[in-house]
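Close look at the chain arrangement
Residues per chain, in single letters:
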Amino acid sequence: MRAAEVGSCSVRDGHSYGRLIWLYGMKTTLNLDDGLLREAKKRAAEEGTTLTHVVEEALRGALTPQPETERYEFQPVTVRGTRAPAVNIDDRDALYDFMEERA
């Protein structure tokens, strides 16, 4: 937890006033999956940092808005043939006969 000193010690009206400390951050309890916690602790050890830092960075990454990606539009390539098809594809029976002969 980080702290910043705001005031200093003084004596006034017979009372002793200590330093005023302003705390940054918040202490909380999280229930984490055991496997996830082990992985986070392992990463903290590998990086030489604290578990708190690993969790903070993961949360920042998850909560940072991601830029929208461009939508992919499929554009099929078509070419003109040079000869007429061997079968009329509008005639289902003729199409099935043609496919069975080639199989």
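Residues numbered from 1 in each chain as written. Predicted model: local features only at pLDDT ≥ 70, side-chain atom pairs only at ≥ 80, totals over all residues. Heavy atoms only, no water.

**Digging into the overall build of the chain**
Put simply, the rule is: Segments assigned H or I by DSSP are reported as helices when at least four residues long, segments assigned E as strands when at least two residues long, and all are numbered from the N terminus. Each residue is assigned to one of three classes by its accessible area relative to the maximum for its type, calculated with a 1.4 Å probe on protein chains only: buried under 20%, partly exposed between the two thresholds, exposed over 50%. Using a 1.4 Å probe, the Shrake-Rupley method yields the accessible areas, and only the shown protein chains count as cover for residues.
Helix and strand content of the chain: three helices and four strands. Beginning at the N terminus, the succession of helices and strands in the chain can be written as β-β-β-β-α-α-α. Evaluated residue by residue, the chain yields a buried proportion of 5% over its 103 residues. Accessible surface computed for the chain: about 10600 Å², of which carbon and sulfur atoms make up 52%.

**A word on a nonpolar patch on the surface**
Selection rule: A patch is a set of surface residues, each over 30% in relative accessible area and not in a salt bridge, joined within 9 Å for like charges and within 5 Å for the nonpolar side chains Val, Leu, Ile, Met, Phe, Trp and Tyr. When a carboxyl oxygen of Asp or Glu lies within 4 Å of a side-chain nitrogen of Lys or Arg, that pair is called a salt bridge.
Where nonpolar side chains cluster on the molecular surface, the patch consists of Leu-30, Leu-32 and Leu-36 and spans about 280 Å² of accessible area. Within the element layout of this structure, Leu-36 appears in helix 1 (residues 34-47).

**Quick word on helix 1**
Our working rule: The span you would expect from a helix comes to 1.5 Å times its residue count less one. The contact rule is simple, with two residues in contact once any of their heavy atoms fall within 4.5 Å. As used in this structure description, the phrase polar contact means that two N or O atoms lie within 3.5 Å; if the pair is within protein, one of them must be able to donate a hydrogen and the other to accept it, and residues adjacent in sequence are counted only when both atoms belong to side chains.
Over its 14 residues, helix 1 runs 20 Å from end to end, which matches the ideal 20 Å to within 8%, given 1.5 Å per residue. Inspection of helix 1 places Gly-35, Ala-40 and Ala-44 among the buried residues, and these make up the whole buried set. Against helix 2 (51-63) lie the buried residues of helix 1. Where helix 1 starts, the residue carrying a side-chain oxygen 3.1 Å from the main-chain nitrogen of Gly-35 turns out to be Asp-33. Of the residues one or two after helix 1, Gly-48 is the one with positive phi, at around 65°.

**With respect to a negative patch on the surface**
Test applied: In summary, the charge assignment counts Lys and Arg as positive and Asp and Glu as negative, without counting His or the chain termini. Each charge is placed at NZ for Lys, CZ for Arg, CG for Asp and CD for Glu.
A cluster of acidic residues, Asp-90, Asp-91, Asp-93, Asp-97, Glu-100 and Glu-101, forms a negative patch at the surface. Looking at where Asp-90 falls in the secondary structure, it is placed in the loop between helix 2 and helix 3 (92-102).

**A word on the environment of Glu-57**
Relative to the assigned elements, Glu-57 resides in helix 2. Assessed through its relative accessible area of 41%, Glu-57 is described here as partly exposed. Polar side-chain contacts of Glu-57 include one of 2.8 Å to the side chain of Arg-60.

**Here's the deal with the confidence of the model for the chain**
Any residue range with low pLDDT should be treated as having predicted coordinates unsuitable for detailed reading. Just so we agree on the cut-off: The predictor rates its confidence in each residue with pLDDT, a number between 0 and 100.
Within the chain, residue pLDDT values average 77, and 73% of them lie at 70 or more. Ranking the elements of the chain by mean pLDDT puts strand 1 (residues 2-5) last, at 44, and helix 1 first, at 94. Overall, residues 1-11 carries pLDDT values under 50, and its contacts beyond four positions in sequence, including any with other chains, amount to 31 contacts.

**Topic: the environment of Ala-40**
Following the sequence through the fold, Ala-40 ends up in helix 1. With 14 residues separating them along the chain, Ala-40 and Val-54 place their C-alpha atoms 6.6 Å apart. When residues no more than four places from it in sequence are discounted, the contact partners of Ala-40 are Leu-51 and Val-54.

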